[in-house]
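# Structure assessment
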Amino acid sequence: MKDTRKKQKILLVDGNGERRQQTAGVLHGAFCVTSALDGEMAVDILRTRQDFAAILLQCRLFEFSGFDVMHFLHTNRLLKSIPVIVMGAEEDELKALSLGAAAFFKESREPDILSCQVQNLVNLFWRDRDLDPLTSVLQWEPFLKKARDTLAEMEQDKRPRSLSIIFLNMDRFKVFNDLFGRAAGDQLLRNLAAKLTAMRGVIHVGRVGGDRFVLLCRTEELELSRFNRLGAELMRRLHLKYALHLSCGVCEIDDPTLPVAELCDRAQIAQETVSGRSDKSVALYDEELRRSLLWEQEVASGMYEALEQGQFQVYLQPIFSLSSNAPVSAEALVRWDHPKRGLIPPDQFISIFEKNGFINRLDQYVWERVFQYLAELKAAGYPDVTISANMSRLDIYSADICGQLTGLAKKYDVNPAVFRIEVTESVYMEDPGQMLELTRQLNAAGFAVLIDDFGNGYSSLNMLMNMTVSSLKLDMGFIRSVGSDERTNCVVSSIVRMAKWLEMSVVAEGAETQTHVDYLRSIGCDRVQGYYFSRPVPKNDFFSLLEHYRSASALERPRIFDKTADTRAVWDAVKTYDRMMRGRMDAAAMFEQFGDAAEILSVNDGYYRLMESSPELLFRSGQLITDWLEERDRPAFLGAMDAASETGERQELVIRRYMDSYRIKSLMVSVCYMGRKDSRKLFLALFRDISLLKLPAEFGCMVPSVVPREEDGQPRQPQVLGCRTCPKLLIVEDNRVNQLVLEKMLSSQYSILEASNGKAGLDALRSGENIGVVLLDIIMPIMDGYEFLQKKAQDPALRGIPVLVLSQTDNLDSEEKALRLGARGFVRKPYDPEDLRKTLDALANGI
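Residues numbered from 1 in each chain as written. Predicted model: local features only at pLDDT ≥ 70, side-chain atom pairs only at ≥ 80, totals over all residues. Heavy atoms only, no water.

### Things to note about the overall build of the protein chain
Cut-off, in case you're wondering: Working definition: helices are DSSP H or I runs of at least four residues, strands are E runs of at least two. Numbering for both runs from the N terminus. For every accessible area listed, the method is Shrake-Rupley and the probe measures 1.4 Å; residues are considered covered only by the protein chains on display.
Secondary structure summary: the protein chain contains 32 helices and 32 strands in total. Total accessible area on the protein chain stands at roughly 39600 Å², and carbon and sulfur atoms take up 48% of it.

### Examining unusual backbone geometry
Here is the rule: For the exposure calls, accessible area comes from a 1.4 Å probe over protein chains only, and a residue counts as buried if that area is under 20% of its type's maximum, exposed if over 50%, partly exposed in between.
We note that serine 136 has phi near 65°; this positive angle belongs to a residue other than glycine. Taking the relative accessible area as the measure of exposure, serine 136 reaches 51% and is therefore exposed. We note that asparagine 770 has phi near 55°; this positive angle belongs to a residue other than glycine. In this fold, asparagine 770 is placed in the loop between helix H29 (758-765) and strand E30 (773-776). On the accessibility criterion, asparagine 770 (69% relative accessible area) is exposed.

### Let's talk about the pattern of salt bridges
Oppositely charged side chains may form a pair once their charged atoms are brought near each other. Keep this limit in mind: We define a salt bridge as a contact between a side-chain nitrogen of Lys or Arg and a carboxyl oxygen of Asp or Glu at a distance within 4 Å.
Tallying each qualifying case throughout the model produces 31 salt bridges. For lysine 473, the salt bridge identified is with glutamate 422, shortest N-O distance 2.8 Å. Within this pair, whereas lysine 473 is found in strand E18 (residues 471-474), its partner glutamate 422 is found in strand E16 (residues 419-424), the two being separated by 51 residues in sequence. With respect to burial, lysine 473 and glutamate 422 carry one shared label: buried. A cluster of three or more residues bridged by salt bridges with shared partners is formed by Glu331, Glu422, Lys473 and Glu509.

### Examining the sheet that holds strand E4 (residues 84-88)
Where we set the bar: DSSP bridges decide pairing: two strands pair if at least two such bridges lie between them. Structural elements are reduced to axes, namely lines fitted to C-alpha atoms, with helices fitted over the stretch in contact, and the angle between N-to-C directions of any two is expressed from 0 to 180 degrees.
Spatial strand order, E2-E1-E3-E4-E5: five strands in an open sheet with parallel pairing. Here the strands that pair on one side only, and so sit at the sheet edges, are strand E2 (31-36) and strand E5 (103-106). Sheet twist, expressed as the mean angle between neighbouring strand axes with direction ignored, is 20°. Both E4 and E5 contribute to a ladder of four bridges, which runs parallel.

### Some words on the nonpolar core
This is how it is decided: As used here, the term nonpolar core means buried Ala, Val, Leu, Ile, Met, Phe, Trp, Tyr and Cys residues forming a set that is joined through side-chain atoms within 4.5 Å. In this analysis, two residues are considered to be in contact whenever any of their non-hydrogen atoms come within 4.5 Å of each other.
Grouped together as the largest cluster of nonpolar side chains are 89 residues, with contacts concentrated most on Phe312, Phe353, Leu362, Phe371, Phe419 and Leu520. Discounting chain neighbours no more than four positions away, the residues touching phenylalanine 371 are Leu405, Leu408, Ala409, Tyr412, Val414, Phe419 and Phe447. Formed by 31 residues, the second largest nonpolar core is a distinct cluster that contains Leu188, Leu230, Met235 and Leu238.

### Some details on the packing of aromatic side chains
Short version of the rule: Put simply, two rings from Phe, Tyr or Trp (the six-membered ring, in Trp's case) pair if the centres are within 6.5 Å, and we call them stacked under 30 degrees between planes, edge-to-face over 60, tilted for the rest.
One pass over the full model with this rule turns up 23 aromatic pairs. Relative to phenylalanine 358, the ring of phenylalanine 312 lies with its centre 6.4 Å away and its plane at 40°, an arrangement referred to as tilted. A residue pair is termed long-range when its members are at least 10 positions apart, and phenylalanine 312 in strand E12 (residues 312-321) and phenylalanine 358 in the loop between helix H13 (350-356) and helix H14 (359-379) qualify at 46 residues. Between tryptophan 336 and phenylalanine 353 the ring centres are 6.2 Å apart and the planes differ by 40°, which places this aromatic pair in the tilted class. Placement of the pair is tryptophan 336 in strand E13 (residues 326-338) and phenylalanine 353 in helix H13, with a sequence separation of 17 residues. As far as burial versus exposure is concerned, tryptophan 336 and phenylalanine 353 are alike and both buried.

### Section: the sheet that holds strand E11 (residues 282-284)
The sheet built from six strands is open, its strands ordered E6-E8-E9-E7-E10-E11 with mixed pairing. Each having just a single partner strand, strand E6 (138-139) and E11 make up the two edges of the open sheet. With three bridges joining them, strand E10 (residues 246-252) and E11 adopt parallel strand pairing. Directly across from glycine 249, in E11, lies its bridge partner alanine 283. Docked against the sheet, helix H10 (residues 226-238) engages strand E7 (163-170), E10 and E11, running at close to 150° with respect to E10.

### What to know about the state of the cysteines
Keep this limit in mind: The criterion for a disulfide is a pair of cysteine sulfur atoms lying within 2.5 Å.
Evaluation of the coordinates by the stated rule reveals zero disulfides. Just so you know, cysteine 264 is unpaired, no disulfide at all, and the nearest cysteine sulfur is the one on cysteine 251, 8.6 Å from it. Its relative accessible area of 1% is what places cysteine 264 among the buried residues.

### Regarding helix H21 (residues 514-522)
The criterion, for reference: This arc describes the spread of directions from the helix axis toward the C-beta atoms.
Here H21 has its buried residues at His516, Val517, Tyr519 and Leu520. Looking down the long axis of H21, one finds its buried residues gathered within 170° of arc, a one-sided arrangement.

### Details of the pairing of E30
Neither face of E30 is exposed, since Val773 and Leu775 on one face and Val774 and Leu776 on the opposite face are all buried. In terms of strand pairing, strand E28 (residues 728-732) meets E30 through four bridges, oriented parallel. Each bridged residue has a counterpart across the sheet, and for isoleucine 731 the counterpart in E30 is leucine 775. Where E30 lies against strand E31 (residues 803-807), three bridges are found, and the strand directions are parallel. The partner of valine 774 across the bridge, within E31, is valine 803.

### Focus on the environment of alanine 103
Mapped onto the elements, alanine 103 comes out in strand E5. Accessibility expressed as a relative area gives 11% for alanine 103, which makes it buried. Here the alpha-carbon distance between alanine 103 and proline 83, two residues 20 residues apart in the chain, equals 8.6 Å. Residues within four places of alanine 103 in sequence aside, it is in contact with Val84, Ile85, Val86 and Leu121.

### Some points on the packing of helix H8 (residues 173-180) against helix H9 (residues 182-198)
The condition that has to hold: In these notes the angle categories are as follows: under 35 degrees is roughly parallel, over 145 is roughly antiparallel, 65 to 115 is roughly perpendicular, and the rest is oblique. Each residue is assigned to one class: nonpolar for Ala, Val, Leu, Ile, Met, Phe, Trp, Tyr, Cys and Pro, charged for Asp, Glu, Lys and Arg, and polar for all the others, Gly among them.
Between H8 and H9, the least distance of the axes is 6 Å, while the angle of their chain directions is 130°. Here H9 runs oblique to H8, going by the angle between their axes. Taken together, the residues of H9 that come into contact with H8 (itself represented by Phe173, Phe176, Asn177 and Phe180) are Arg182, Ala184, Gly185, Leu188 and Leu189. Grouping the constituent residues of the contact of H8 with H9 by class yields six nonpolar, two polar and one charged.

Now the structure itself:
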């Protein structure tokens, strides 16, 4: 078979014609040789070509010498990287090497020997240049070249082989680096590269960058299941306990003429579908993914033209009042009226627009259309009909979004109260701080905010407490089962009841049957949206529907949050406790008290985890929170509720809860009073499992204790406890039970000072007590742990004091943030007392 491999190019510069021809002759077998008679000719060639693997240069040339050529090479970045092999007399060697020559040969060297040495030097030089210095696998560009050469050979092979490209990435590699150090991260990359290289069927391995690798493999020899085990194998090799997950995308090469980079892109697309998924490590680039990619490209190429031509149509889905059986509001939903494909539903293009950023333009287009509709409604005699429009997660970062909406209201002479904004929990979770600030601005400008798909995620209660919203839109996943599923009935009923306590309206989305409507009416949910009443319709059809129901309609006025209204006492109480809910406790329940009983209204997912329960078990076994308390603790719990309602202060106590007939779990509970209606009181209870803290006997059934407050803004003076002659430890923790446990555990080794929040902790550090180490909680009132770390780092006098964070959260992002702000360590609750002591000792002793 003819050798089709491309020869490397070499530039030979020699003024001696006979020697030049002889040298070129012996080099020709291994290289494609270009000859230059002198230095000027060599420079002219190099100005137009930089693809030489090496330059073989004679020092002694007429006028423009070899040394002059080397000076010229230093003026060009690309030429500077070409290795230069210099030939000359013995006295030329030092100067040639000082100018950057890769090697120096004497002129008298035999041509055959010279040819072999040049080949060896060039191969060695370019082999090292191709390899990644950390992992010793191919760098990106050399990988593309070698893969291309392999595919070219495969094209000409009479028995073509099946090859595949694999794109591999380590999930959360940055977290691994932060936890175990960069040296461990580098070693992990080296070990991974070695395992990939040794895998059966692997032809080439390349490192794209960071923790991303790409492989060219023989498909029939691939063992894809090996990638599922690879993370655990790497951790065993490093003797580390860490859940390392690798995600891989596989693209089988059916067309070897395609660019290798494009094949790698396809494999990466497949890899991204399993990135972050613990249940799956490998995904194939198949026809479905290909169609998805082609559709995404088609959507992206036509979206601007579609916007300019008005192809996006704003439909309205009516919201009906069950009390009047008439439409009172609507939600704006966009449809793409494509000239060739017809009407395209939003689930086929919205996610693409969110990915490429076009969603901002589309949302602004929809908002303006809605204001136009509202102006027409006002002119038609419907000034109080409201329309809601969606806000995407990207919109919250837009410049002056509140100003844009206010400007549209003025432009179309529309009351801001009739334009309502729907946000989902995912928008809130993207950036809670930004969303809360935007909500405050929108409320101040008169716009109502709704929570869409309420109950769909894990932080719905948290979101409800933090955001000043006027309505909840129940996730349609709930509504599909109401009336027929007991568990769903109880959950929906509790949400509706809780919303009434907070004086919010509730809209149930997804009502499709008479059963749905009958049940929603029976629990007092008056606003309903769904196909039972109407599909999304064009504007004119919605106007006709309003006209049809004009005489029966009792139009809805949206509730805007009013900070001064007395009726909002419940909401003010919720705001008081919102800092506690943001990660401090996994389990939360809202309940009503009547007499000596307390009935649960709503719980979060953390409650189910802590109580080893589920919605079905909870509501089937009864919703009385007092039923499962250990009998001796019931009076204390009821007393805590009485004290909370009388004083308005948060009450804390330890109770014991029956898990079954044989097991009891110890719980630390914070009870917060939220308001009263008639003879019933509303409370928020926050629970923490302290069974593993090994509480001393005197904590058996703690009486309620009021959390101490700072009076008149003055912090409490730190009181020194424990061993007076030992190193000083500052415990910054707002929970008294945790303070007592830590004090008992550490008082024999440390002189202990305590602070109930970050501000008091900073005051203690500045009090001159010569504190050696700080034990810090994260979520606290007044100033949390993150702000404490930030302000401590800004004070040169405090910067060197080590801080160990002690937190219940299992969120790796929280740990990463604390370490980035200057914490020296992070310990999760529940903790092992001995491990905590050792970690503190190491920090106190500067280890």
